[in-house]
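Summary of the model geometry
Below are the chains, spelled out letter by letter.
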Amino acid sequence: MEGFSLPKAPEWVHAETWTREQQEQELTRRFMVSAVTLEADFQFTARQSDIILNVSLKCGTTWLSYVCHLIRMGGSQPDFHSLEEVVPLFDVCSVLGMDPNTVTQPAHPRLFATHAPYDRVPRGSKVIACFRDPKDMFLSLFVFFDSLLMLKGRVELSVFAKNKGIFGILKRMLDLLVIWWEHRHDKGVLILFYEDLKEDHDASVRRIAQFMGAHLTDEEIGRVVHATTHAEMYRHREKFDLHEFTGKLLEMMEEVSSDELVGRVRKNGGKVGEGEKRLTEEVKQSIEKEWQETVTAKLGFRDFNEMRQALKKELSDKLAQNEN
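In this report, we go over the structure that sits alongside the text.

All right, on to the overall build of the protein chain then. Of the regular secondary structure elements, the protein chain holds 14 helices and four strands. For the protein chain, whose C-alpha radius of gyration is 20 Å, the value lies close to the compact-globule estimate of 20 Å for 324 residues. When the 324 residues of the protein chain are sorted by exposure, 51% land in the buried category. Residue pairs in contact within the protein chain that sit at least 24 positions apart in sequence constitute 76% of those at least 6 positions apart. Surface summary for the protein chain: the accessible area is close to 15,900 Å², and the carbon and sulfur share equals 48%. Here the protein chain carries 43 positive and 51 negative side-chain charges, and the mean point of each set is 2 Å from the other.

What follows deals with the side chain of Asp196. Examined against the element boundaries, Asp196 turns out to sit in helix α7 (residues 194–199). Given a relative accessible area of 15%, Asp196 falls into the buried group. A polar contact of 2.7 Å, which involves the side chain of Asp196, links it to the side chain of Arg308. The residues touching Asp196, leaving out its near neighbours within four places in the chain, are His201, Ser204, Arg308 and Lys312.

The next thing to look at is the packing of helix α4 (residues 134–148) against helix α6 (residues 164–182). Relative orientation of the contacting elements α4 and α6 amounts to 140 degrees, with a least axis distance of 11 Å. Regarding α4 and α6, the two cross each other, and that crossing is right-handed. Facing α4, whose interface residues are Pro134, Met137, Phe138, Leu141 and Phe145, α6 presents Ile166, Phe167, Ile169, Leu170, Met173 and Leu174.

Enumeration over the complete set of coordinates arrives at 25 salt bridges. A salt bridge links Arg235 to Glu232; the nearest nitrogen and oxygen atoms lie 3.0 Å apart. Residue Arg235 and its partner Glu232 are located together in helix α10 (residues 230–235), separated by three residues, close to a single helical turn. Given the relative accessible area of 52%, Arg235 is considered exposed. Two residues, Glu281 and Lys284, come together in a salt bridge whose shortest N-O distance is 2.9 Å. One end of the pair, Glu281, and the other, Lys284, are both in helix α13 (residues 281–299), three residues apart, so they sit about a helical turn from each other. With relative accessibility at 6%, the residue Lys284 sits in the buried group.

With that settled, the discussion passes to the pairing of strand β3 (residues 126–131). For β3, the buried fraction is high: five of the six residues fall into the buried class. In this sheet, β3 lies alongside strand β1 (residues 51–55) in parallel orientation, the contact comprising five bridges. Among the inter-strand pairings, Leu53 is bridged to a residue of β3, identified as Ile128. In this structure, β3 lies alongside strand β4 (residues 189–193), joined through five bridges in parallel fashion. When the sheet's bridge partners are listed, Cys130 is paired in β4 with Leu192.

Its 15 residues give α4 an end-to-end C-alpha distance of 20 Å, which sits within 8% of 21 Å, the value for a rise of 1.5 Å per residue. Of all 15 residues in α4, 12 are buried, a share of seventy percent or more. Put simply, Asp133 is the residue that caps the front of α4, since its side-chain oxygen is 2.8 Å from the backbone nitrogen of Lys135.

Take the sheet that holds β1 next. The strands making up a sheet associate through hydrogen bonds between their backbones, and the pairing can be parallel or antiparallel. Spatial strand order, β2-β1-β3-β4: four strands in an open sheet with parallel pairing. Across the chains shown, the open sheet's two edge strands, defined by having one partner strand only, are β2 (111–114) and β4. In this sheet, adjacent strand axes meet at a mean angle of 20 degrees when their direction is disregarded. Lying on the sheet, α6 is in contact with β1, β3 and β4; it crosses β3 at an angle near 130 degrees. Across the face of the sheet, helix α8 (residues 201–212) comes into contact with β1, β2, β3 and β4 while running at roughly 165 degrees to β4.

Following His108, the chain continues to Pro109 via a peptide bond in cis, the omega torsion being 0 degrees. Here Pro109 shows up in the loop between α3 (90–96) and β2. Positive phi, close to 55 degrees, is recorded for Met150, a residue that is not glycine. As for its position among the elements, Met150 is in the loop between α4 and α5 (157–161). Backbone geometry places Lys152, a non-glycine residue, at a positive phi of 55 degrees.

Glancing now at the packing of aromatic side chains. Using the criterion set out here, one finds 17 aromatic pairs in the structure. Ring centres 6.2 Å apart and planes at 85 degrees place the aromatic pair Phe145 and Phe160 in the edge-to-face group. Of the two residues, Phe145 sits in helix α4 while Phe160 sits in helix α5, which places them 15 residues apart along the sequence. Summarising the burial analysis for this pair, Phe145 and Phe160 share the class buried. Centre to centre, the rings of Trp291 and Phe304 are 6.4 Å apart; their planes meet at 80 degrees, and the pair counts as edge-to-face. In this pair, Trp291 sits in helix α13 while Phe304 sits in helix α14 (residues 304–323), placing the two residues 13 residues apart along the sequence.

Conventions adopted
Residues numbered from 1 in each chain as written. Predicted model: local features only at pLDDT ≥ 70, side-chain atom pairs only at ≥ 80, totals over all residues. Heavy atoms only, no water. Helix = DSSP H or I, 4+ residues; strand = E, 2+ residues; numbered from the N terminus. Rg over C-alpha atoms; globule rule 2.2 N^0.38 Å. Buried < 20%, exposed > 50% of the residue type's maximum accessible area, 1.4 Å probe, protein only. Contact = heavy atoms within 4.5 Å. Areas by Shrake-Rupley, 256 points an atom, 1.4 Å probe, with all protein chains shown as cover. Lys, Arg positive; Asp, Glu negative; His and termini not counted. Charge placed at Lys NZ, Arg CZ, Asp CG, Glu CD. Polar contact = N/O pair within 3.5 Å; in protein donor to acceptor, adjacent residues only side chain to side chain. Axes fitted to C-alpha atoms, helices over the stretch in contact; angles between N-to-C directions. Left-handed = near helix turned anticlockwise from the far one by under 90°. Salt bridge = Lys/Arg side-chain N within 4 Å of Asp/Glu carboxyl O. Pairing = 2+ DSSP bridges. Expected span 1.5 Å × (residues − 1). Phe/Tyr/Trp six-rings, centres within 6.5 Å; stacked < 30°, edge-to-face > 60°.

Remember that the coordinates give geometry; whether it matters functionally is a separate question.
Have a look at this one:
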């Protein structure tokens, strides 16, 4: 960003613990660095056959990217160093020096992922949008940023939740959810919920494959399902971590280098309902208030589960009509 300089790290930054004031100050500084770095700054020419995965942070981007990649590969698992080599993430292309227009992909269709808002998603291609219970999303965001920003447990959840920039990520996810819900019947749009991928993995893979135009056998579907279980992805977790991006981010944060993996596929991650159990009442109330002001006010759904059940009913009704 021309003419913009990031604040320098304070002298106490490497202390084992931070006061509440220091937590607020350093979280803001590090988030500012990550926000500048995670900017989808690119000129991209979409093809009609492309598939864009528009997924908010911590709503299943890595999982969905790998599912779609294996679907187009017929369930085979070619070796790659990092998932971004085969499914470019627009948001990190600039800092990694990648041009998504020229990246050679191993199979058709081309796949791309992005956390970008609706108005920055390239037009002219198919879109898969995936969302998650906002409480689970926010808890996952807290755990992920502890790793990505090298906070090392020094920032409390209450401080994290009150950071306007970070809470804004939740707000943008809900804004995106409302928009894609309103476009869910558009040709070339598929809307998914993370929880449905967890609840019925096989059916979700088949639905995605159908949308992609991939004609897979039951055996191939089975290979995709097996390879994209949490256990299998955790076994190969080094392939799903942004090594090069994290290194550049650490430099910008003036943080010492780390050999630790940034937990995009965590040992105990990916659980449904953890946000309700582990978030404080204050944080949950803030999330519920944001839902009411953003989603309930525009779509009428009182909570995430009601919205999820509505989509399930639509899909069930559509299936029944097709069978008649």
